[in-house]
Number of protein chains: 2
Amino acid sequence: PAVGLGVRCRSSMAAIAGGDKEQEKKQAVGGGGGSAKDDKEIASYWGLDPTKVSKEDGSPWKWTCFRPWDTYQADLSIDLKKHHAPVTVLDKMAYWTVKSLRWPTDLFFQRRYGCRAMMLETVAAVPGMVGGMLLHCKSLRRFEHSGGWIKALLEEAENERMHLMTFMEVSDPRWYERALVFAVQGVFFNAYFLGYIISPKFAHRVVGYLEEEAIHSYTEFLKELDNGNIENVPAPPIAIDYWRLPPNSTLRDVVLAVRADEAHHRDVNHFASDIHYQGRQLKEAPAPLGYH
Amino acid sequence: PAVGLGVRCRSSMAAIAGGDKEQEKKQAVGGGGGSAKDDKEIASYWGLDPTKVSKEDGSPWKWTCFRPWDTYQADLSIDLKKHHAPVTVLDKMAYWTVKSLRWPTDLFFQRRYGCRAMMLETVAAVPGMVGGMLLHCKSLRRFEHSGGWIKALLEEAENERMHLMTFMEVSDPRWYERALVFAVQGVFFNAYFLGYIISPKFAHRVVGYLEEEAIHSYTEFLKELDNGNIENVPAPPIAIDYWRLPPNSTLRDVVLAVRADEAHHRDVNHFASDIHYQGRQLKEAPAPLGYH
Ligand SMILES: [Fe+2]
Ligand SMILES: [Fe+2]
Ligand SMILES: [Fe+2]
Ligand SMILES: [Fe+2]
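Residues numbered from 1 in each chain as written. Chains lettered and ligands numbered in written order. Predicted model: local features only at pLDDT ≥ 70, side-chain atom pairs only at ≥ 80, totals over all residues. Heavy atoms only, no water.

(A) Inspection of the coordination of the iron ion (ligand 2) at higher detail. All names here are of chain A. For the iron ion (ligand 2), the full set of protein donor atoms is E160 (OE), E211 (OE), E211 (OE), E262 (OE) and H265 (ND1), and the range of their distances to it is 1.9 to 2.4 Å. Each donor residue of the iron ion (ligand 2) lies on the same chain, and together they follow the pattern E-x50-E-x50-E-x2-H. If you look at the iron ion (ligand 2) and the iron ion (ligand 1), they sit 3.8 Å from each other and are both ligated by E160. Of this pair, E160 sits in helix 7 (residues 149-167) while E262 is found in helix 11 (residues 251-277), placing the two residues 102 residues apart along the sequence. (Donors = N, O, S within 2.8 Å, 3.2 Å for Na, K, Ca; no water. Helix = DSSP H or I, 4+ residues; strand = E, 2+ residues; numbered from the N terminus.)

(B) Inspection of the coordination of the iron ion (ligand 3) at higher detail. Residue and element names in this part refer to chain B. At 2.0 to 2.3 Å from the iron ion (ligand 3) lie its protein donor atoms, namely E121 (OE), E121 (OE), E160 (OE), H163 (ND1) and E262 (OE). All donors to the iron ion (ligand 3) come from one chain, and their sequence spacing reads E-x38-E-x2-H-x98-E. Separating the iron ion (ligand 3) from the iron ion (ligand 4) is a gap of 3.8 Å, bridged by E160, which donates to each. Within this pair, whereas E121 is found in helix 6 (residues 113-141), its partner H163 is found in helix 7 (residues 149-168), the two being separated by 42 residues in sequence.

(C) Highlighting the pattern of salt bridges. Residue and element names in this part refer to chain A. Overall, the coordinates contain 32 salt bridges over all chains when judged by the stated rule. Note that K55 and D241 form a salt bridge whose closest N and O atoms lie 3.1 Å from each other. One end of the pair, K55, is in the loop between helix 4 (35-45) and helix 5 (89-109); the other, D241, is in helix 10 (residues 237-242), and 186 residues separate them in sequence. By relative accessible area, D241 is classed as buried at 13%. Linking E177 and R112 is a salt bridge whose minimum nitrogen-to-oxygen distance equals 3.5 Å. Linking E177 in helix 8 (residues 175-198) with R112 in the loop between helix 5 and helix 6 (113-142), this pair joins segments that are 65 residues apart in sequence. As far as the burial class goes, E177 and R112 line up, both buried. One salt-bridge network, in which partners are shared between bridges, spans K99, R102, D106, R116 and E213. (Salt bridge = Lys/Arg side-chain N within 4 Å of Asp/Glu carboxyl O. Buried < 20%, exposed > 50% of the residue type's maximum accessible area, 1.4 Å probe, protein only.)

(D) Up close: the nonpolar core. In this structure, F221 and W243 of chain A together with F221 and W243 of chain B are the most contacted members of the largest nonpolar core, which totals 153 residues. Setting aside chain neighbours within four positions, we find W243 of chain A in contact with Y72, Q73, A74, H163, T166, V254, A257, V258 and D261 of chain A. (Core = buried A, V, L, I, M, F, W, Y, C linked by side-chain atoms within 4.5 Å. Contact = heavy atoms within 4.5 Å.)

(E) How the structure looks around the relation of the copies chain B and chain A. For the match of chain B to chain A, the screw axis carries a shift of 0.0 Å, the RMSD comes to 0.0 Å, and the turn is 180 degrees. Put plainly, the chains are arranged around a two-fold axis. For chain B, the residue whose C-alpha comes nearest the rotation axis is M133 of chain B, separated from it by 3.9 Å. Both copies contact each other with a shared surface, as 100% of the interface residues of chain B are interface residues in chain A too. (Least-squares fit on C-alpha atoms with pLDDT ≥ 70 in both.)

(F) Geometry of the packing of helix 6 of chain A against helix 7 of chain B. Axis separation between helix 6 of chain A and helix 7 of chain B bottoms out at 10 Å; the angle between their running directions is 25 degrees. One element, helix 6 of chain A, and the other, helix 7 of chain B, form an angle in the roughly parallel class. Crossing hand, helix 6 of chain A versus helix 7 of chain B: left-handed. Contacts from M129, H136, S139 and L140 of chain A of helix 6 of chain A reach helix 7 of chain B at L154, A157, R161, L164 and M165 of chain B. (Axes fitted to C-alpha atoms, helices over the stretch in contact; angles between N-to-C directions. Parallel < 35°, antiparallel > 145°, perpendicular 65-115°, else oblique. Left-handed = near helix turned anticlockwise from the far one by under 90°.)

(G) Representation of the interface of chain B and chain A. Opposite the 71 residues of chain B that make contact, chain A presents 72 residues. Together, the buried faces of chain B and chain A total about 6,800 Å²; carbon and sulfur atoms form 66% of this surface. If you sort the residues of chain B by the area they bury against chain A, W46, F143 and H145 of chain B come out on top, with a joint share of 14%. Here chain B is connected to chain A by four salt bridges. Taken together, the connections running from chain B to chain A amount to 18 residue pairs in polar contact (both at pLDDT 80 or more). Every element with two or more residues in the side of chain B that touches chain A is listed here: helix 3 (19-33), helix 4 (35-45), helix 6, helix 7, helix 8 (175-198) and helix 11 (251-277) of chain B. Tallied by class, residues from the side of chain B that touches chain A come to 33 nonpolar, 16 polar and 22 charged. (Buried area = accessible area lost by both parts, 1.4 Å probe. Polar contact = N/O pair within 3.5 Å; in protein donor to acceptor, adjacent residues only side chain to side chain. Nonpolar A, V, L, I, M, F, W, Y, C, P; charged D, E, K, R; others polar.)

Right under this line is the structure:
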């Protein structure tokens, strides 16, 4: 029987039009205390009136979290099977760290892949931000160029955040799921921060393997969509704009684009780890910029 | 008598061509252990061959820390005199925090404005990164949009890092200056991190006032250039590409562009603080995107 995400994660078609929620809230705030007017005045005083951005068809651009020039088409031809065979002890530690995290995750989510995607993206967006920030600080205190890696890692973090913003539209977290996300972020942020300081080689390898698992779980998500266990709802508008999808795209198209992104992150992180394995620093190798 | 930066900060005209240093080092590494070849093989294996980017005139783009689409023309018409008069106790605390930091800084650098600019930019690039990172984590764990503020703050951090990369070319830090930067970054990063968690209102106000001081010290820098105390050397190539300056630009043109950037940061941060003063969150107001 076809059990939609609706039953499992309180998602609804209304949530799919959720891109407008933000706008409505803004108006509500404005209407409530006249602060939208104040806000405009302050923005004008500081010379920061928001620039008008429009889509190719001339309609106003409604997203503030990304702009037309941040959009791209995912490379769906990317090799999904590529795997870094763990050889060294450190590689094996990274591999088994990820594998051991897989088991409780499978148990918790079972086959609720919509929920799973949404929850895991809150974690997936942390490593890029932490790595980018640490490289930024290193670049500053050593007076040296980063070779583009700061930008590459921050772009990864932004891309993962966009995955979250997309899955939020088709799935709604319950209170205990929100609580879990708070706790997991607190632990994971600090663990990754420390891990990256101690061994960026290990940290990037762990992310490489995490992305391999992400590809696997999005493949399972696609299977559930294909066999009708998860309803193939229309793609949320935010996803259509972000990945430049055709207007009639569905959740399946979104998952395909997201999976391709994960495969790209896998490549970037295994590559970064490989550079460290050569005893070199990231800045000595060309950063993988320009994917987006 | 005209005392160039050369005497005071061990800068030299050779350092101005320093954009090539990176390239040379890369080749040296490659030649030393054949690792450039390995590196290419690994990059190819992961499908991450660096994309070829070229300038408008067709010559190859030599900077990895920023790309042609990150370049811009600074808005030199920006009001340099705008000031946020401290009214509340918190404002006054922010104002006097900054004013009290001014005194030891003046004493340390005296009129070595090249050194001063270089050293202070290592600190200036921290708040945007910390703020952007904290907003990113908040957006993730609360499942909410950032309204573009993550990007706006990270762009500020990148812009400040580019200021540093520019001043590095005309000024060379001595060992004790490097040591000082290490220590100051350690303290300032943690202080700003804590400060931003406790009161983003206060944190943004402090940065607003810091930027007002930065405008002042760049104005002093310009005076020293104009009266010949600091030699008006040709602009480093990285600055010409980043701010789209004419080929025969000088250090004076660079300082003008940097000062305009600081005025923009002042506006952004005072605006952010003002939003918090209204009891609202940053995401409820339009982020000042698109300056670049
Ligand atoms: Fe993701
Ligand atoms: Fe990913
Ligand atoms: Fe600056
Ligand atoms: Fe600044």
